[in-house]
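# Residue-level structural notes
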Amino acid sequence: DTGVSQDPRHKITKRGQNVTFRCDPISEHNRLYWYRQTLGQGPEFLTYFQNEAQLEKSRLLSDRFSAERPKGSFSTLEIQRTEQGDSAMYLCASSLEGSGTEAFFGQGTRLTVV
Amino acid sequence: QQQVKQSPQSLIVQKGGISIINCAYENTAFDYFPWYQQFPGKGPALLIAIRPDVSEKKEGRFTISFNKSAKQFSLHIMDSQPGDSATYFCAAGGTSYDKVIFGPGTSLSVIP
């Protein structure tokens, strides 16, 4: 396991469709984070899990967004009824609890809604 | 509310020069301050980080200076190289703050 893995790397979808992204964290990391990054901006926090529990959700995460981390391993982020404003890079990161949030990021999934 | 401020927005430095990026934070609960480097189309990569019990940390050509009373920290890149051209993000987090909050980023271009 060499790092955080995200799939797919790129996704183009039509407005109104649902999309799902997957993140596989570093195997020993019990914390998993989702961030969103738009062009020219820093990553914005969306939500995070400790093991399988979703402990915090940003108000950026509208009702159309849902994230899961069954069994505390990989995580999925689903966006329902996509809108053009959802176009962004979706980044996943993982860390060890107690590490002071030393988070390691994946390569991201670039979503384009047309 | 922007919890982590960063300047400048962009920076052009000649090869061999020193690149300096400054950040300021507001929340005194932060006790972990990483810097991330991001190349186009890639995720942010952890570069170097500091905790407030030290005022400076150096790793190779990269140095973080930290001023706890002013709630400011900065990244110095010595002997800047064209390969350092990237976007740099300062961030803040910590043991009592369960996530990392990013600054808006600095686009660094190192010209030959």
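In short, a report on the structure. (Residues numbered from 1 in each chain as written. Chains lettered and ligands numbered in written order. Predicted model: local features only at pLDDT ≥ 70, side-chain atom pairs only at ≥ 80, totals over all residues. Heavy atoms only, no water.)

## Concerning the interface of chain B and chain A
Facing the 20 residues of chain B at the interface are 23 residues of chain A. Contact between chain B and chain A buries roughly 1,700 Å² in total, counting both sides, with carbon and sulfur atoms accounting for 51%. For chain B, the biggest contributors to the area lost against chain A are B:Asp98, B:Lys99 and B:Phe102; these three give 31% of the whole. Across the pair A:Glu56 and B:Lys99 runs a salt bridge whose closest N-O atoms are separated by 2.6 Å. Linking chain B with chain A are six residue pairs in polar contact (both at pLDDT 80 or more), by the criterion used here. (Contact = heavy atoms within 4.5 Å. Buried area = accessible area lost by both parts, 1.4 Å probe. Salt bridge = Lys/Arg side-chain N within 4 Å of Asp/Glu carboxyl O. Polar contact = N/O pair within 3.5 Å; in protein donor to acceptor, adjacent residues only side chain to side chain.)

## Observations regarding the layout of surface pockets
Looking at the second largest pocket, its volume works out to about 390 Å³. In this structure, the second largest pocket is lined by 22 residues; those nearest its centre are A:Gln37, A:Gly40, A:Gln41, B:Thr87 and B:Phe89. The element that contributes the greatest number of residues to the lining of the second largest pocket is strand β9 (residues 86–94) of chain B, accounting for three residues. Per-class residue counts for the lining of the second largest pocket are seven nonpolar, 13 polar and two charged. (1 Å grid on protein atoms, 1.4 Å probe; cavity = no way out; pocket = protein on both sides within 12 Å on 5 of 7 lines; lining within 4 Å. Points joined across faces, edges and corners; volume = space filled by probe spheres on them. Helix = DSSP H or I, 4+ residues; strand = E, 2+ residues; numbered from the N terminus. Nonpolar A, V, L, I, M, F, W, Y, C, P; charged D, E, K, R; others polar.)

## Topic: unusual backbone geometry
Following A:Asp7, the chain continues to A:Pro8 via a peptide bond in cis, the omega torsion being -5°. Mapping A:Pro8 onto the fold places it in the loop between β1 (5–7) and β2 (10–13). In the segment running from B:Ser7 into B:Pro8, the intervening peptide bond is cis, with an omega of -5°. Mapped onto the elements, B:Pro8 comes out in the loop between β1 (4–7) and β2 (10–14). One non-glycine residue, A:Arg81, lies in the positive phi region at around 50°. Examined against the element boundaries, A:Arg81 turns out to sit in the loop between β8 (75–79) and β9 (88–95). Relative accessible area serves as the criterion here: at 46%, A:Arg81 is assigned to the partly exposed category. Positive phi is not limited to glycine here, since B:Asp79 has a value of about 45°. (Buried < 20%, exposed > 50% of the residue type's maximum accessible area, 1.4 Å probe, protein only.)

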